[in-house]
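# Coordinate inspection notes
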Amino acid sequence: MQILTVRLEMVLEQVRKACNKDVPGRVIDVGSDHGYIGVRCLEEGLADTVICTEIHKAPAQKSADALEEAGFGGRSEVYVTDGLKGVPLKEGDVVVIAGMGGLNIISILTRALKDNGYHVMENVTFVLQPQKSNEIVRNYLAKTGFVFEDESVCYDREIFYNCMRVVFKGICRTLTDEEACYGPVLLNRYNNGDKEVADYFAHLNSLFEVRQRSNPVIRSALEERKRNECQ
Ligand SMILES: C[S@@+](CC[C@H](N)C(=O)[O-])C[C@H]1O[C@@H](n2cnc3c(N)ncnc32)[C@H](O)[C@@H]1O
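Since this is a predicted model, take the numbers as computed values, not measurements.

## Looking at the pairing of strand 5 (residues 125-130)
By the criterion of burial, strand 5 is predominantly enclosed, with six of the six residues buried. The two faces of strand 5 match: Thr125, Val127 and Gln129 on one face and Phe126, Leu128 and Pro130 on the other face are all buried. With six bridges connecting them, strand 4 (residues 94-100) and strand 5 associate as parallel partners. Among the inter-strand pairings, Val95 is bridged to a residue of strand 5, identified as Phe126. Where strand 5 meets strand 7 (residues 159-168), four bridges bridge the pair, whose relative direction is antiparallel.

This is the structure we're talking about:
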């Protein structure tokens, strides 16, 4: 089995939750780099086909080699492209966008919404693991009509990471600053006594104490969090 980092295991766990193992479909890994997620999806029978996209040729070749070496050359395709450009989505697809900046993720999703009909988008699950700008990603998702199905956190080599599983439903809403910065799903888990999320929030609180000086959204989120914590 392809060995994954703790962060990628967290991403894969969200893919497992999204996939229908009885009828495996496509997993599309956007920004696949090494191609490890695709290999594991095929090894575990989570997907019948994997599509990798990469904006650069060298990592695309790495993905193609990894899939070929694992014996999955015939069940995978690798494209050098920007995001999902030229890869029409199909109902049942699971799309992974991991290890990228939040603004990059937003631009890939915006284009996917334009290129694919709403009906298709409503039947595609997105697993998103932004490296930064979580609050901007969550605000975008909520305002655009995505619904948060789940969010997980992990601690890998002294860094905290989070991963969201979202589906487009066309139901647009506005998040509070607290929800945008901490995550509606994670706030719910925190309020239910989740220890892993409590550790993550303690880390966010100290990070936000510094970032609030230059970011009014984070300042307001931190104030809201402190008020709610006292209640
Ligand atoms: C830090 S790596 C993360 C790789 C892997 N997804 C992971 O989580 O370990 C980000 C990868 O995304 C690729 N990338 C960045 N922007 C992209 C885009 N718009 N479309 C496709 N690939 C992109 C980069 O070339 C790079 O290989």
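There's more to say after this.
## Brief notes about unusual backbone geometry
Of note in the backbone geometry, Ser133 takes a positive phi value of approximately 60° without being a glycine. As for its placement among the helices and strands, Ser133 is situated in the loop between strand 5 and helix 6 (134-144). Backbone geometry at Arg157 places phi at a positive 45°, although glycine is not the residue there. Topologically, Arg157 is positioned in the loop between strand 6 (146-156) and strand 7.

Here is what the cut-offs are and how they apply
Residues numbered from 1 in each chain as written. Predicted model: local features only at pLDDT ≥ 70, side-chain atom pairs only at ≥ 80, totals over all residues. Heavy atoms only, no water. Buried < 20%, exposed > 50% of the residue type's maximum accessible area, 1.4 Å probe, protein only. Helix = DSSP H or I, 4+ residues; strand = E, 2+ residues; numbered from the N terminus. Pairing = 2+ DSSP bridges.

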